[in-house]
Amino acid sequence: MTPSTTEIRLVPTADDHRVARHAAAAIVLTVAEAAIPLPLPGVKPGLANIVTLVVLARWGWREAAWVALLRVLVGSLVLGQFLAPGFFLSLAGSLASLAVLGAAMHLPRRWFGPVSHSVLAAFAHIGGQLVVARLWLVPHDGVFYLVPVFALAATLFGLVNGLVAARLLDAELAPAAPRDGA
Amino acid sequence: MPDLPAVRRWLAAWAVHLRMGDGLVLAAALAFCVGSALVLWQGGRPDKAIIKAGGQVFAEVDLSAPRIVEVPGPLGTTRIEVQPGRARVASDPGPRQYCVRQGWLASAGAVAICAPNQVSLALSGRRADYDSLNY
C-alpha cells in the first residue's frame, strides 16, 4: 500500500513500549487501590508508586516521570476523576515527589535505598497536595490540622512501598538466586 | 498462637532491604510526625479565665492556681471555681442551672453563660481553635 502523504506514522521505540508497560502496571494498581475503603479521604497507600520507584532505580528519572504522570492522567480518566479536584491534588503530589526523587536518587546508594526514596517522595507528595489544597480548595489553615495524620501515613506507606520496591529490584537483578519459602 | 520464629524470619527478610540512611530517614519522618502533632494539636490549651458580670469584665483569672471567685449579679452570687487548666461555674442562683451543668471548661474558647444572673465565664488561650458558642 502506498503511504498517504498526510499520514503521520508513529514508530514506538523499545523505550516507549517499556514506559507503556510500566504505566499500565501502575494504572492497574491505582484502580485496584481505589476499591480499598479508607477511613480518611486523602490517605492512600499509593501502591502505584512502587512501580515508579522500580522504574527510577532501573531506568532513570525521565522514564519514572513518564510512568508517574501517565499513571495520574490515565488513572483519573479510568476512575472518572479527570480535572476533578482529586486529579489536581494527585498531579501536584506527583510533581512534588518527582522533583524530590530527582534529588534523592543522587544520595549515596550505599546508605540510601528505595526505602529512603519512597519515604521522601511520600512526604513530598503530601507536601504538594497540601500546598494545592491550602491555596485553592480549602483556603484556610485548618487543612494543616491533619498534617500529623498525613505524615504518619506517608511514613508507614512510604516504608512499605519502599520495601516492596527494594525486594522487586533485588529479585529482578538476581533472577537466578534461590527464592526463600515465602 | 503466632509462630514467632517464622514471624522473625519474615521480618528479617524485609529488614535486609533497609540501609543505614533509610533508618535515618525513617527516624526523621517519625520525628516530624510527633513534632507536628505536638505543635499543631496543642492549640486550645487555656491560660486565662475571663469572668464577666452585666457585660463588663469582672475579673481575669490566671488558670495556674486554684481559687474561687464570687461574682455578684441581680439574682445573687455566682461562684466560679478555678483549678489549674480548667474552670467551672460551681453554683449559680439561676433557675435552670445550664451554666453549672456544663461542668468543667478546659479548652480555650469554651464559654459558660449564666444568663439570668448576667454572668459569663470564658476561657482564653494563646490560640483558640473555635469558641464553643459558634461551634
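Located above this text is the structure these notes cover.
Residues numbered from 1 in each chain as written. Chains lettered and ligands numbered in written order. Predicted model: local features only at pLDDT ≥ 70, side-chain atom pairs only at ≥ 80, totals over all residues. Heavy atoms only, no water.

Considerations on helix 2 (residues 48–59) of chain A
One turn of an α-helix holds 3.6 residues; hence residues three or four places apart share an orientation. Residues and elements named next belong to chain A. Applicable threshold: Strands here are runs of E lasting at least two residues and helices are runs of H or I lasting at least four, both read from the DSSP assignment and numbered beginning at the N terminus. Each helix should span, by expectation, one fewer than its residue count multiplied by 1.5 Å. Summary of the burial criterion: residues with accessible area below 20% of their type's maximum are buried, those above 50% are exposed, and those between are partly exposed, where the area comes from a 1.4 Å probe applied to protein chains only. By the convention used here, residues are in contact when the closest approach between their heavy atoms is within 4.5 Å.
Under the 1.5 Å per step criterion, the end-to-end length of helix 2 is 16 Å for 12 residues, consistent within 8% with the ideal 16 Å. Taken residue by residue, helix 2 has Ala48, Ile50, Val51, Thr52, Leu53, Val54, Val55 and Leu56 as its buried positions. Buried residues belonging to helix 2 abut helix 1 (14–34), helix 3 (61–79), helix 4 (85–104), helix 5 (114–137) and helix 6 (147–173). Following helix 2 by one or two positions, Gly60 has its phi on the positive side, about 100 degrees.

Considering the sheet that holds strand 6 (residues 111–114) of chain B
Two orientations exist for strands paired in a sheet by backbone hydrogen bonds: parallel and antiparallel. Residue and element names in this part refer to chain B. For clarity, the cut-off: Two strands are said to pair when DSSP picks up at least two bridges between them. For helices, the fitted axis covers only the stretch in contact; all axes are lines through C-alpha atoms, and the angles between them, taken along N-to-C directions, range from 0 to 180 degrees.
Spatial strand order, 2-1-7-6: 4 strands in an open sheet with antiparallel pairing. Strand pairing shows two members of the sheet lacking a second neighbour, strand 2 (56–62) and strand 6, which therefore form its edges. Ignoring which end each strand starts from, the neighbouring axes of this sheet average 20 degrees apart. Direction of pairing for strand 6 relative to strand 7 (residues 119–125): antiparallel, over a ladder of 4 bridges. What sits directly across from Ile113, in strand 7, is Ser120.

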